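# Report on the structure
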Amino acid sequence: PCWNYVVYPVCTVGQTKYVLQRNLIGVFFLLVCCLPGDVTPRESSPFINNTDQDQENYYDGKNMALFEEEIESNPMVSSLLNKLANYTNLTQGVTEHEEYENEEGVTKIRMGTFIGVYLPCMQNILGVILFLRLTWIVGTAGILESFAIVVMCCTCTMLTAISMSAIATNGVVPAGGSYYMISRSLGPEFGGAVGLCFYLGTTFAGSMYILGTIEILLTYIVPNAAVFVAEKKEGEAEAMLNNMRVYGTCCLALMALVVFVGVKYVNKLALVFLACVVLSIMAIYAGVIKTVIEPPDFPICLLGNRSLQNHNFEKCVKTEVIKNVTYTTKLWELFCDSRHLNATCDEYFTLNNVTEIQGIPGLLSGVIKDNMWGDYGPSGMLVEKKRQSSVPAQDNSRDIYMPYVFNDISTFFTLLVGIYFPSVTGIMAGSNRSGDLRDAQRSIPFGTILAIATTSFIYMTCVVLFGACIEGVVLRDKFGDSVKKNLVIGTLAWPSPWVIVIGSFFSCCGAGLQSLTGAPRLLQAIARDGIVPFLQVFGHGKANGEPTWALLMTAGICEIGILIASLDAVAPILSINGMFYPVSCVQFFLMCYLFVNLACAVQTLLRTPNWRPRFKFYHWTLSFLGMSLCVSLMFISSWYYALVAMSIAGCIYKYIEYRGAEKEWGDGIRGLSLNAARYALIRLEEVQPHTKNWRPQLLVLLKLDSDLGVKHPRLLSFTTQLKAGKGLTIVSSVLEGTYMTLGAEAKSAEQNVKSAMHAERTKGFCHVVVSSNLRDGFSHLIQSAGLGGMKHNAVLMAWPGAWKQAEDSYPWKNFIETVRETTSAHQALLVAKNIDKFPSSEDRLGEGTIDVWWIVHDGGLLMLLPFLLRQHKVWRKCKMRIFTVAQMDDNSIQMKKDLQMFLYHLRLNAVVEVVEMHDSDIAAFTYEKTLVMEQRSQMLKQMQLSRNEREREAQLITKLGTKSHGNLNDNAPATPDHRVHMTWTKDKLITERNRNRSEPNVGVKDLFNMKPNQSNVRRMHTAVKLNEVVVNKSQGAQLVLLNMPGPPKTKGGDENYMEFLEVLMDGLDRVLLVRGGGREVITIYS
């Protein structure tokens, strides 16, 4: 069809707007031509019509008119997809300075798999341990055990990476990395505890990398730059530690400044540092190949079978002959007291000869056989070549002052596991950058697993190649003292050892920067979630989102590790093997990996509908294997520090549970709890609970005031004191009306009840229902509250104290119907009179009694309730007294003995007293009180009838007036009325009015002539006499428990029943009426 438009200009303010009128059907559109930077219309109102206001609502969105009510609350699919397309997972809002200052149109460049995941993981995994400690680990543990260490640790990280890949591909992973994955999978408690531990581990790892940087700088690059120089040999170690403290602090300040300036510069430097690492590794493999052709010349000097530090002498000989004259060498001076041939020398030096061997014999030398097994030893043990012959000396006391190579620490297998494991802990580097990735769900699994496979291959081949190319005494020489203070791994490299030195230096710098970059963001993510209240200050940062305060905190913790100053002291902190440091960060790393595997396993086994990871190569058995390996490594490193680390995480968990913000993240623990609850409920429903397991499972019926607040909060206090958090408690109330109109009020009332429960420390569930009337609402709650086997067996409610003053009879009728309902449902009933006078949970009752008046047997509930109350601190000091009533034919002495024996078998401590109630004539007071009660009841009935008649009369007059008015309207259409009409005249109206007015007068005259019902007289007599006895014995008691009489079978005597109960409780402050549920609840048997 042809579409014709008439263009009308609207306005021209910085832009041009046109209104296009479509002549075909008269629908108006607005075409807005906006210049860049102009404000666009809101998404909720895509069409703006400035003409014909009457037609606007009619035509706007007419093609979706069927769904117009849903669109108000639910977005259109196009709107939803637009939001998803524009979604950014940079929850922390971190942007670079340049991007922040530029115009808004600049979009951030996202990284791919290689740059965003693979290279950061490689840089974090290949670090200080590879260059500074791997050769020493191979020499100490041997090739086989070192290979086992590497395989065990790499397998652990590979299995963790598989689990992490499954979690990372199950939806969008915002910034936060492992913390986000664990917290959203296992809940805020686990996430916060493990996240903080992982933060500490990452922070101390930064200290380790900085100390490694300074060790390389002062030991291998510029040893003369030391600030502290030892005058004696014994002080060299302390001087070195002081130098590392000074230079480490300066290096930390410089790195923190770089991170503070911007992550952009860290990323630029990371590429340079990683290039140096790659070149260093290539130099190692090139050096191994070169040893086959021409081994490098790095001779080492042995005295007997002991390795010597050769940086203070050039020639490995004791004496040398020059022109037929024998001269001593520098080596002679190190072991003798003078340069002369007749000088006194060390005994071992005298008995043994010196031998020079090649430190790097090469790949084909067969040295691999000697390095196959380990050589562990204590601190101070000499590094010796086992197959070299030597003559032992008698006195070895001065060996420490000689230029031998020593073990600086005690070595054992678990120590080496702990020291090596930090070298494989960089697997989270890619997931921590999830906010910067172009496609995190694809990049994280592929990049992380490929990086682990690459580094595992490098580590495994290096273990074998180091053991096959380097002499054992050189491998065990941690600092390269036997090869002229060269880095041991550098002696193998080609073309020069400096390639390794420079590469390892930049590698440590890069890893340190990565730790200082990732740790503050992790702390910021935890702080911004609000699960740890005192950490919320670290959620703030600069305007561009940089975590400034978190960076300062991280730098402070890093400084603690630097002040420790020893790489082998901090690495054990990382691996839980330090003798002086009680915390292990590698235990924290292992704990993090453990919970990543646990999260994957739980989600897989629960088969939650939302568990749909794109990464398919996972299985719950692999996750459990990874968990087992993590736990094994924790306890292999050090079982006692593993327990310490778990205790720290447990304390953080409990702190978050009690003080942290409540979060609902759809975690797997909640799903696990749901499955466990379902299983338990099914098991509970199979059989009825045994008497030994019976405890009151309460349904508390609350009354709300006009503001939807709890009218009697002390009812919740009494519930807390009775239950003490044990068993089931359902707190409920009823709103009168329809749910369509009172749905919001019901939610508000439920929140008010929950707040009151929290204030009174009542642990349980809350449920507010809306019903057409209160009676039906309470009936529905009594019938259907609970689920399966977890259903209430007792109802607790307050006594309707103002039932006599009520305008209508609904309060006491509802009460009696509730009593009948609980009786029919075989549920116990507890009614508290003067509930507002009951003690709060903060009160402490002093000396007093809880009096039980056991009139009829109710299954033992009367005796069980005081025992439960006395478990609470409010009633703990109150003593229990049990009263029972003896009739004329009863032997009161024998009854007391039997009751005492019964209480003894029940293991209850109580004072027993038998009260005798003899038959006596009915007093005139009782007769009169019964008469007054019946007269009042009859009068109320007449008043109710009169009220009903008046209402009926008003309705009839209204109908009459309406009909008369309708007759005046001749033009009114004749509509059929199916209601029954009466023909009223003036005489009929007067007659009906006089009849209604005369009937009550007749009833009032009859009140003075009526006689009380004999059954009511007897009941009143019992109530009066029993009340006299109870008041006489228990007026000063803290609480009185009474058997609650049953309601009348017919509803005609309901009001009299209320009067009987009122008389029975008259004069008592705190009363609890108890009616059993028809089953035994206490037993004498074990």
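Our structure's up above, just so we're on the same page.
As the structure is a computational prediction, the values presented were derived from the model and not from experiment. (Residues numbered from 1 in each chain as written. Predicted model: local features only at pLDDT ≥ 70, side-chain atom pairs only at ≥ 80, totals over all residues. Heavy atoms only, no water.)

## Let's talk about helix 29 (residues 810-824)
The terminal C-alpha atoms of helix 29 lie 21 Å apart, and with 15 residues this matches the ideal 21 Å at 1.5 Å per residue to within 8%. Of all the residues in helix 29, the buried ones are Trp812, Asn814, Phe815, Ile816, Glu817, Thr818, Val819, Arg820 and Thr822. Of the surrounding secondary structure, the elements contacted by the buried residues of helix 29 are strand 9 (698-701), helix 28 (774-784), strand 12 (794-798), strand 13 (828-833), helix 35 (1054-1064) and strand 18 (1071-1075). Residue His826 follows helix 29 closely and has a positive phi angle near 55°. (Helix = DSSP H or I, 4+ residues; strand = E, 2+ residues; numbered from the N terminus. Expected span 1.5 Å × (residues − 1). Buried < 20%, exposed > 50% of the residue type's maximum accessible area, 1.4 Å probe, protein only. Contact = heavy atoms within 4.5 Å.)

## Side note on the packing of aromatic side chains
Inspection of the entire model under this criterion finds 21 aromatic pairs. Look at Trp332 and Phe349: their rings are 5.8 Å apart centre to centre, the planes differ by 80°, and that puts the pair in the edge-to-face class. Residue Trp332 is located in helix 12 (residues 330-335), and its partner Phe349 is located in helix 13 (residues 347-351); the two are separated by 17 residues in the primary sequence. Each of the two residues, Trp332 as well as Phe349, counts as buried. Seen in terms of ring centroids, Tyr348 and Tyr404 are 6.4 Å apart; in terms of plane orientation they differ by 85°. Their pairing is edge-to-face. Linking Tyr348 in helix 13 with Tyr404 in the loop between strand 8 (354-358) and helix 14 (413-420), this pair joins segments that are 56 residues apart in sequence. In this structure Tyr348 comes out as buried when scored by relative accessible area, which is 2%. Assessed through its relative accessible area of 0%, Tyr404 is described here as buried. Ring pairs connect the aromatic residues Trp332, Phe335, Tyr348, Phe349, Tyr404 and Phe406, which therefore count as one cluster. (Phe/Tyr/Trp six-rings, centres within 6.5 Å; stacked < 30°, edge-to-face > 60°.)

## With respect to empty space enclosed by the protein
Scanning the entire structure with this criterion turns up six cavities of 30 Å³ or more. By volume, the largest cavity is sized at about 50 Å³. As for the largest cavity, its lining consists of Val259, Phe260, Leu516, Pro520, Arg521, Lys542, Glu546, Pro547, Thr548 and Leu551. When residues of the lining of the largest cavity are traced back to their parent elements, those giving at least two are helix 10 (236-261), helix 19 (497-529) and helix 20 (548-564). The greatest single-element share of the lining of the largest cavity, amounting to three residues, is contributed by helix 19. Considered class by class, the residues forming the lining of the largest cavity number six nonpolar, one polar and three charged. (1 Å grid on protein atoms, 1.4 Å probe; cavity = no way out; pocket = protein on both sides within 12 Å on 5 of 7 lines; lining within 4 Å. Points joined across faces, edges and corners; volume = space filled by probe spheres on them. Nonpolar A, V, L, I, M, F, W, Y, C, P; charged D, E, K, R; others polar.)

## What about the pairing of strand 10 (residues 729-736)?
Of all eight residues that make up strand 10, seven are buried, and the element is covered over most of its length. Across four bridges, the pairing between strand 9 and strand 10 is parallel. Paired with Leu699 across the bridge in strand 10 is Ile730. In the sheet, strand 10 pairs with strand 11 (residues 765-771) via seven bridges, with the strands oriented parallel. Within strand 11, the position partnered with Ile730 by the bridge is Phe765. (Pairing = 2+ DSSP bridges.)

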